[in-house]
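# Close look at the chain arrangement
As a plain string of letters, each chain reads:
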Amino acid sequence: MTDTLSSRLEQVRERLRAACEAAGRADGAVALLAVSKTFPAADLREAFGCGQRAFGENYVQELQQKCEALADLAIEWHFIGPLQSNKTRVVAERAHWAHSIDRLKIAERLSAQRPDDMPPLNVCVQVNVSGEDSKSGCAPEEAAALARAVAALPRLRLRGLMCIPEPTEDAASLAAQFAALRRLKEGLEAEGLALDTLSMGMSADLEPAVAEGATLVRVGSAIFGHRSYAH
Ligand SMILES: *Cc1c(COP(=O)(O)O)cnc(C)c1O
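Everything numeric in this text was worked out from a predicted model, so none of it was measured.

## Brief notes about the site of the ligand
- Contacts to the ligand come from 13 residues, most closely from K37, N58, S203, S221 and R227.
- Within the side chain of S203, one N or O atom sits 2.5 Å away from an oxygen atom of the ligand.
- In this structure, R227 approaches the ligand through a side-chain N or O atom, which is 2.7 Å from an oxygen atom.
- Computed on the free molecule, the ligand has an accessible area of 390 Å², of which 89% lies beneath the protein chains in the complex.

Below you can see the structure in the form of structure tokens.
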């Protein structure tokens, strides 16, 4: 098979279908977010032409540029990168989702800056399930309090939790990290929060994430290819 964006996208869709089937989950139970950071707007346009609607960006400036370049397309924009408080406005004004809420200050700014004529911004609280110092995300023991505070903000809609596990060859350790996020979400639901999203799983590990209950996988390189420049 020739290696084109459309063939890679179809392979990822097939992996997702197979993972759902293996996990006994309904076809379509897991949404595919195409992570397009570092790739040009033309690649997103091509993926859109293949039926992809949700795109994830990590850098505020890139989000802004691509929103402008692709304003003619009905794209659902997801911001998934680390958020600094002086850069929240672009996300509040452009994105449909933000997955990387790891402290209340960021959430408060997004809520305050969300334009009144837009629906509330869908958000996930990012949890550092691996405990690695270098990872963003709140500590697991802080997640419940942060989620409750975020859920109370008027211009945000808390949808669930997000994680980036520690990369590992150890399947049991990976599964345990995904399961930890699922259990945190279940605990919050038991407290009465209405959550429908577990944002977990990337190119290398979407299958174990789906097996542990992911409702949205964030897939970049398996769709767009190798990322050639680092920020
Ligand atoms: C880059 C990125 C992804 C996609 O990673 P791939 O390994 O290219 O699939 C997913 N989530 C986040 C938060 C990312 O930064």
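## Concerning the state of the cysteines
- Within this structure, the stated rule accounts for 0 disulfides.
- In this model C20 remains outside any disulfide bridge; the closest cysteine sulfur is found in C163, 17 Å from its own.
- Note on C138: no disulfide assigned, nearest cysteine sulfur contributed by C163 at a separation of 11 Å.
- C138 sits in the buried class, given a relative accessible area of 3%.

## Description of the pairing of strand 3 (residues 76-79)
- Pairing analysis gives 4 bridges linking strand 2 (residues 54-57) to strand 3, with the strands arranged parallel. Looking across to strand 3, one finds that F55 is bridged to W77.
- By the bridge criterion, 2 bridges tie strand 3 to strand 4 (residues 97-101) in an arrangement that is parallel. By the bridge assignment, F79 is partnered in strand 4 with A98.
- Where the polypeptide runs from strand 3 across helix 4 (residues 88-94) and back to strand 4, its parallel neighbour, the crossover connection is right-handed.

Criteria and thresholds
- Residues numbered from 1 in each chain as written.
- Predicted model: local features only at pLDDT ≥ 70, side-chain atom pairs only at ≥ 80, totals over all residues.
- Heavy atoms only, no water.
- Near = heavy atom within 4 Å.
- Polar contact = N/O pair within 3.5 Å; in protein donor to acceptor, adjacent residues only side chain to side chain.
- Areas by Shrake-Rupley, 256 points an atom, 1.4 Å probe, with all protein chains shown as cover.
- Disulfide = S-S within 2.5 Å.
- Buried < 20%, exposed > 50% of the residue type's maximum accessible area, 1.4 Å probe, protein only.
- Pairing = 2+ DSSP bridges.
- Helix = DSSP H or I, 4+ residues; strand = E, 2+ residues; numbered from the N terminus.
- Right-handed = clockwise from strand over helix to strand, strands pointing away.

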